[in-house]
Structures are given as structure tokens and as C-alpha cells.
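# Residue-level structural notes
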Amino acid sequence: MELDDIYKIYMYDLYRYLFSLSKNHHTAEDLVQETFYRAYLNLPEQNITNIKAWLFKVAYHTFIDDTRKNKKQVPKEEIEQLKEKEYSAWTPEEQVLQNEEFQQLIEMIHQLRPKHQHAVILCDLHELTYEEAAQIMELNINSFKSNLYRGRQTLMNKLNKRRVQDE
Amino acid sequence: MSDDQNYWKIIDRSKKQFDQNTNIDSNKILKKSRHKALTTNILISLAILLMIVPTLTLLTYFYYGTGDGNGRANKQIEVASNVIELTEPNMYVKRMELEEQIDFFSMDLNFDVYKRIGKEEYRVGEYDINYMLDQPDFPDRNLWLDRPHQEIPQKDEASYIIHPLVSVPYEYDREWDIVESIPDGTVVEAYLSFTDSMDPDDVKDINPGLDPDIEFLWLAVDTGIEKKVVDDQGLPVTPIGYPIYKDPPNWTPFDNREDNEVAFTNTLNDLEHYESQATKIARAKTLALDERTDYIQENGVKIYGAVVTGPAPEIRKLKNNDHVRSLKVGEVKLWNWH
């Protein structure tokens, strides 16, 4: 199978992952592109056995770099302005159509502690194994597991609460 | 429904929903990324390629500009010019007029050589020496002389200046015939061999009261090897000596600031460190500098021959000089003895 075909298989996963991290469609799309750019640059040097985990790792680093860059370059107010503009460019219908449930889920996940967030996103939302996810987060497997369980527990409680409210 | 099942259900549903609504052009994204990666690679390669020339240039200049006291290039120029002054009788380089071209780790030296004949200086040829780092190729010599020395000295042929202990070949008598036949209105460069080795200060005395009226241009130094004609390996040696300048240029070690014989010893000792380069530039295939410097240290500087210049009638008078054993005629030029 061609490398591009493999990349295409994971593109949606990556997009979803980067969206989960950034909560922004445009950023997610840009970062997907940046991720593949890095993948093309670095691939020849590496002997990759697990493409999915590797791509997620690259994507995570891309996201981190992007966050840092934006922190440095753009003053906060501007970001706020940009965000507003971005949102206003979307019609309400689109917003409703566009993954309301997923967005709510993401909002809820983002209320968790950062490490718990990431563990849940990697493992539960994107089906990476504990080892792979622990590697991406650069944690040992035990502390990763405890992060994941706590995050998952909190998230479940939140979901239950909401369900009760809805009912 | 348990919490757990509910949890997975929600996650699964929202994911599916998200993916359904996600509309990204994977081909376009991949194409863009690949294109960007390609551009980056090309730019990086281009930058590296463009850096090669400046880096090499910088390294080369650094190499030639440092080391050996005044920089390696200057040292090699000094060696080449000293070798010519020491091994080519009455021939010198004007170091200020010398041209050097520095390329990647190589240097190309170009210079003219001059002789004094009579009262005037004549440009008699050019040298072209290519260096790889500090190692010269054999020089490309181009001399315009009426009576040139052999390009490569042979051991069975007599040198132009003959040591007192070496017999003078029969055909050297003919040289006096040449002097006799030269018209009076000319100036002559002549190679004299003395009957004995003498101190440099005594050389002037062979010519008391300046009669004949001649000038000494170059003195051949006895370095112990001339009487054997060949060195340890059986390679023929050529005379070695030093110039005397009436009006010395400022670049030569023989600038009369100290005795020329001291300058000669110092220059020879210095050349010993660059013997391989010096031998390449010299006409002789061996300079035997080790043996020669040792001999001079023990025995001091003794002169056994000289290059002189003067009007033809004055040179003729040398035939009757007790100190002069033999003579060989060099270049002859029109009268300039003013």
C-alpha cells in the first residue's frame, strides 16, 4: 500500500484528534497539514513500525509548537478577536449541524485536568493502546493509567449529571 | 444501562457524527504537505550547496593566512624567492611584483626573475609555481638566456663554478677565447672559480685597487659537498651561495643590515625546515641542506667562486689574476657601464 493511502486512512483520526486538542476547525485543518508536512520531512530517517502512534505523536508535537508560537506572537486580545470572527463566520445552522454532541463532549473533556484530558482523548476517543498513548504523553505506563482512569471517571460523572439534567 | 456502556455509547455516537460532518479534502492536504516538504528539502539542499563555496574559500584563506609566522602563503613566497637567490647565481625575484592567485586549497605563484648584467638589470625569465596547500609542483620555468644552465644538472658535466679540488675540464679554455672575441663595447656576466677557498672579506682583495673594474654579484659558498660533485645519494649538486646587492631592495634577507654571510647562514638554516619545497623549486634535484648547514657550522662560510660583471676588457684582465682558476661566460649585453 502506498504511503499516501496509509496517511489517508488516519487523516480523519488526526483531524478529530487535533480538533479535540484545539477546539477549532481551522487550526485543526492547518495542523493536519503541518503534521503531514513534518511526516514527509522526517519519514526517511525513521524506521516506523507503528504509523498511527507515530502520526499522533507528530501531531501532538505540532500542536504544542503551534500553541507556543501563538502564545509568543499574538497578543491575547487578538486571539479573542480572531475567535469571535471565526465563530461569527459560521452560521448558526452550521454550528448546530456541525457536531453539536462532539463539541459538547470536547467542552466537557476540556474541563478536566490537562493530563486527564489528553489521556482520555488519546485512549478513549482515538483507540490508541495504553503503551502508545503513554509514549506520546511521555509518561510511564502506570501513571498514564491512573491519569486515564481518573479522567474517565470524572468524565462519566459529568455525562451522567448532564443526562439527569436532560431527563 | 450502566454508566460504562453509556459512556462508550456517547463517545462512539459523537465521534461518528463528527466524522460525518467533517469535510476535509485529504488529497489536497496531502498534496500541499508533500509539496511543502519538497520545497523545504530543495531549499535546504540549495542552501547547503551555496554554502560550499564560501566555506571552502574561508578555509583556504584561513589556511594560507595563518601559521608559519607570517602566514603560510607568505612563507612559501619567501622560500621560493630565497631558493632562487641562493641557488641561481645572479638571479633574483622582486618580491613586491610577485603575483599569487589563491584558489581552493591551492595557490598559483607567478613572478619574473632578473639578472644584473653590467650596471643594468634585465628581466630574464618567469616562473610559474602551482602549490597544493604548501606543496609546490615543479616550477614552470621560462628563461630567455643566451647561455642558460642545464635544466637538470648532470653529474658528468662540470658546473659553471668549479671547486678548487675538482679539475677544470679541458673545454673551459675556450671560455677565455669567448672573452677575447667579445667586442670592447659590451658588458659581460662571468662565473669565476677561485684557486682557493677564501673568507668573504678577502674576495674583494683579489681585485686590488679596483683594477680591473668589475663588480661582484654573487658568491659561491663552499659547503663541503662541491668537491664531491654529488650528494650522498649520487645526485649532482649545484653551487649554493648568496648575492651582494649594491643597493639592496627591502625584501631580501641580504639587505646589508647584517653581514651577508650571517644572513646566508640564517636563510640556509631556515630553508632546511622547508627542504622538500625548496628542492622542488631549485634546479638541482637535491639541496642536501642538512649536510651543508652542518659543514658551514663547523667550517664557517668560505668562498670558492663568484659571479662578476664588468666591461669586456676588464673581464679579459682576469685571465692573469692569480686567484682566478677558470672562467665561464654568462650573458653579454650592450655597453651600459656608465
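Residues numbered from 1 in each chain as written. Chains lettered and ligands numbered in written order. Predicted model: local features only at pLDDT ≥ 70, side-chain atom pairs only at ≥ 80, totals over all residues. Heavy atoms only, no water.

## Focus: helix 4 (residues 173-181) of chain B
Residue and element names in this part refer to chain B. Every buried residue of helix 4 is listed here: Glu175, Trp176 and Val179. Buried positions in helix 4, seen along its axis, are confined to an arc of 100 degrees and lie on one side of it. Set apart from the buried face of helix 4 by more than 90 degrees, the exposed residues are Asp173, Arg174 and Ser181. Those residues of helix 4 that are buried lie in contact with helix 8 (312-317) and strand 11 (324-334). (Buried < 20%, exposed > 50% of the residue type's maximum accessible area, 1.4 Å probe, protein only. Helix = DSSP H or I, 4+ residues; strand = E, 2+ residues; numbered from the N terminus. Arc of directions from axis to C-beta. Contact = heavy atoms within 4.5 Å.)

## Structural notes on the UniProt feature "domain: Sigma factor regulator N-terminal" (unreviewed entry) in chain B
Under the UniProt annotation, "domain: Sigma factor regulator N-terminal" (unreviewed entry) lies at residues 28-122 of chain B. Along residues 28-122 of chain B one finds 57% helix and 23% strand; the C-alpha atoms at either end are 78 Å apart. (UniProt positions renumbered as here; feature names shortened; annotations may be inferred.)

## Focus: the nonpolar core
Residue and element names in this part refer to chain B. In terms of nonpolar packing, the biggest core is built from 67 residues, with Phe194, Phe264, Ile303 and Ile315 touching the most fellow members. Tallying contributions element by element places helix 3 (residues 72-87) first for this core, with seven residues. When residues no more than four places from it in sequence are discounted, the contact partners of Ile315 are Trp176, Val179, Val188, Ala190, Ile214, Val308, Thr309, Gly310 and Leu327. (Core = buried A, V, L, I, M, F, W, Y, C linked by side-chain atoms within 4.5 Å.)

## Details of the pattern of salt bridges
One pass over the full model with this rule turns up 26 salt bridges over all chains. Residue Asp19 of chain B is joined to Arg16 of chain A by a salt bridge in which the shortest nitrogen-to-oxygen separation is 2.8 Å. With Asp19 of chain B in helix 1 (residues 3-21) and Arg16 of chain A in helix 1 (residues 3-22), this pair bridges two chains. For Asp19 of chain B, a relative accessible area of 23% corresponds to the partly exposed category. Here Arg152 of chain A and Asp124 of chain A are joined by a salt bridge, their closest N and O atoms 2.7 Å apart. Here Asp124 of chain A lies in helix 7 (residues 114-125) and Arg152 of chain A lies in helix 9 (residues 141-166), a separation of 28 residues in the sequence. Here Arg152 of chain A and Asp124 of chain A have matching classes, each one buried. Shared partners join several salt bridges into a network, and the residues in it are Glu34, Arg38, Asp65 and Arg68 of chain A together with Lys36 of chain B. (Salt bridge = Lys/Arg side-chain N within 4 Å of Asp/Glu carboxyl O.)

## Focus: the domain arrangement of chain A
Residues and elements named next belong to chain A. Splitting chain A by domain gives domain 1 (1-98) and domain 2 (99-167). With 19 residues of domain 1 at the contact, the number on the domain 2 side is 18 residues. Across the interface of domain 1 and domain 2, roughly 1700 Å² is buried in total on both sides, 57% from carbon and sulfur atoms. There are one salt bridge connecting domain 1 and domain 2. The partner of Glu107 in a salt bridge is Lys23, with the nearest N and O atoms 3.5 Å apart. Seen at the junction of domain 1 and domain 2, the total is five residue pairs in polar contact (both at pLDDT 80 or more). Of all the secondary structure elements, the ones that give two or more residues to the side of domain 1 that touches domain 2 are helix 1, helix 3 (51-73) and helix 5 (92-97). For the side of domain 1 that touches domain 2, the residue count by class is eight nonpolar, six polar and five charged. (Domains from an automatic or database assignment. Buried area = accessible area lost by both parts, 1.4 Å probe. Polar contact = N/O pair within 3.5 Å; in protein donor to acceptor, adjacent residues only side chain to side chain. Nonpolar A, V, L, I, M, F, W, Y, C, P; charged D, E, K, R; others polar.)

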